[in-house]
Amino acid sequence: KILILDFGSQYTQLIARRIRENRVYCEIFPYNVELERIKEFNPKGMILSGGPKSVYDEDAPFVSEEIYELGIPVLGICYGMQLMCKHFNGVVGRAEKREYGYAELIVNQKEILFDDIPLENGKLKVWMSHGDRLEKMPEDFIVIGKTDNSPVAAMKHKEKPFYALQFHPEVAHTDYGSSILANFAIKICGCLPVWTAGNFIHNEIEKIREQVGDKKVLCALSGGVDSSVVAVLLNEAIGKNLTCVFVNNGLLRKNEAEQVVKTFRDNFNINLIFVDAEEEFLKALRGVTDPEKKRKIIGNLFIKIFEREAEKLGRFDFLAQGTLYPDVIESVSFKGPSATIKTHHNVGGLPEKMNFKLIEPLRELFKDEVRQVGLELGLPEDIVYRHPFPGPGLAIRVIGDITKERLDILREADSIAIEEIKKAGLYREIWQAFTVLLPVKSVGVMGDERTYEHVLAFRAVTSLDGMTADWAKIPYDVLARISNRIINEVKGINRVVYDISSKPPATIEWE
Ligand code: XMP
């Protein structure tokens, strides 16, 4: 396995994903982690990430120099290269202008790092993003790649397995960047490419059985991909000792509750408690229009209902959660604490209140890996590739007052929009597509009649992680079909608009 030390680059997680794509297991640690923990992790190689600082900044992050004594290969990327340069007595200087964007790397093809990479005239298109650059090579290093602007764009130690790159092999803009990282992990560090969904499942089932023994596990199932994979994985591991609770809060999409019950009870034979709490939720939400209030009410009520059900069921030792790796990485940020934009609700508040031990079988996985595991476990593609859906559900997509009638209108419209997006083959490339019912009425004409009905907003965005997003450039004819069908088929809507805001400054959801 490979250890990635994070110096605060926005690309650190990408390095991890590229390494894992090549089937080598890796983890990310913050740069200031104790040497002891690194030794304990016992990696076969280490990667130093990029970062926003300059090695000359007063508060520049450093790493224990002893990492070079561990006897394992080290690859420095961008800031990581400058650190390595400084350590080996080279000189880092401020480049006159920041180098940002494409560069042509002229490489020494005999190098293992560039093994098996098809080059055009000995050149490779790479992505640069840096302010500092090497002025003087450190002692005992040689150049293995250069660009017009950086005479040392790639270097290595003459005897020891230390490598450094000025460009970013982890970003998609660098051609064959993934192969460069694979060469490092597999050919230089000697890692075996054995990290696969199948292996993960096999090992995880063993681990869960050992951890749980014949104790009891409770799992809150939402029908989203993460909790679904957790449920099926636990079911494989401990079967009858697992109980899943699914709460229908009345804020789900069309037929969603029925589908979840059918999939998990009938197809997977999971012990599933279905709680129909629609009326309770709608009652609690009556007259509430403030988005944050909606979120708080839904979050708290969910916890209350879940506790009530758990009590009925008797004693449980573990609570299973679909925590993913991006949630547990101690990421390094030099931007300071961020403001709360929205209070996100998931089952977060539960364990502290309920005195459960947590079981989080996905905490080492990225989302795309969770999907692979889901497919391998036999979950339907419909669930595995489902767009993210917020915990508060349609409550934050019915703007203003929430009533059953409005929710039903939204459900109909939403299912038409999604159906058309799927038919057009766009569903997978879109991060999220959904509709929002506005508390605005507009005038229309249907036949010879005047209508005065709701406006519906359609929103579709592309994104990698939901942190930033752009509105999807959906072909006009698809938009036209969605609009036509909704206005014709859904009573209560006579106008559809398309949301063309990016995040930031807008957010993905409207509330
Ligand atoms: P925003 O609207 O903040 O959404 O740009 C970013 C992503 O988070 C989802 N979202 C939520 N997910 N509980 C969740 O589990 C929530 O309360 C919640 N609010 C927003 C949103 O759908 C998008 O994918």
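Going along each chain's sequence as written, the residues are numbered from 1 onward. With pLDDT at 70 or above as the cut-off, local features in this predicted model cover only qualifying residues; side-chain atom pairs require 80 or more to be listed or tallied, and sums for whole chains, interfaces and linings still use all residues.

Looking at an unreviewed UniProt entry, the chain carries the name GMP synthase [glutamine-hydrolyzing], with the source organism given as Deferribacter desulfuricans. In its Function (unreviewed entry) section, the UniProt entry covering the chain states "Catalyzes the synthesis of GMP from XMP." UniProt positions are given in the numbering used here, feature names are shortened, and annotations may be inferred rather than shown by experiment. Per UniProt, the chain carries the Subunit (unreviewed entry) text "Homodimer."

Engineer: Got a sec to walk through the UniProt feature "active site" (unreviewed entry) in the chain? Specific residues and values, please.
Structural biologist: Under the local residue numbering, the UniProt record ascribes the feature "active site" (unreviewed entry) to Cys78, His168 and Glu170. Of the residues just listed, which span 93 residues, no C-alpha pair is farther apart than 11.2 Å, and they cluster in one region. Counting from the N terminus, the helices are DSSP H or I runs at least four residues long and the strands are E runs at least two residues long. With respect to the helices, strands and loops of the structure, Cys78 is situated in the loop between β4 (74–77) and α3 (79–87). Throughout, a residue-residue contact means that the two C-beta atoms, derived from backbone geometry, are no farther apart than 7 Å. Contacts of Cys78, omitting those with residues within four sequence positions, involve Gly50, His130, Gln166 and His168. Here His168 is to be found in the loop between β9 (162–165) and α4 (177–188).

Engineer: If you had to explain the sheet that holds strand β1 (residues 2–6) to someone new, which residues and values would you point to?
Structural biologist: At least two DSSP bridges between two strands are required for those strands to pair. As summarised here, the arrangement of the nine strands in space is β2-β1-β3-β4-β9-β8-β7-β5-β6, forming an open sheet in which the pairing is mixed. Two strands in the sheet have a free side with no partner beyond their single neighbour: β2 (26–30) and β6 (123–136). Direction aside, neighbouring strands of the sheet carry axes that sit 25° apart on average. As paired elements, β4 and β9 share four bridges and run parallel to each other. Across the sheet, residue Leu75 finds its bridge partner in β9, namely Tyr163. Lines are fitted to the C-alpha atoms to define the axes, a helix being fitted only along its stretch in contact, and any angle between axes, read from their N-to-C directions, falls within 0 to 180 degrees. Taken strand by strand, α3 contacts β3 (45–48), β4, β5 (91–107), β6 and β9, and its axis lies near 120° from that of β4. Across the sheet, α4 lies against β1, β3, β4 and β9, angled at about 155° from β3, the strand it touches most.

Engineer: So what about the UniProt feature "binding site: ATP" (unreviewed entry) in the chain? Which residues, and what values?
Structural biologist: Per the UniProt entry, the sites bearing "binding site: ATP" (unreviewed entry) are Ser222, Gly223, Gly224, Val225, Asp226, Ser227 and Ser228 in this numbering. Within the secondary structure, Gly224 is located in the loop between β10 (217–220) and α6 (225–238). Discounting chain neighbours no more than four positions away, the residues touching Gly224 are Arg386 and Phe389. Once you skip the residues sitting within four places of it in the chain, Ser228 turns out to touch Leu221, Gly223, Gly374, Leu379 and Ile383.

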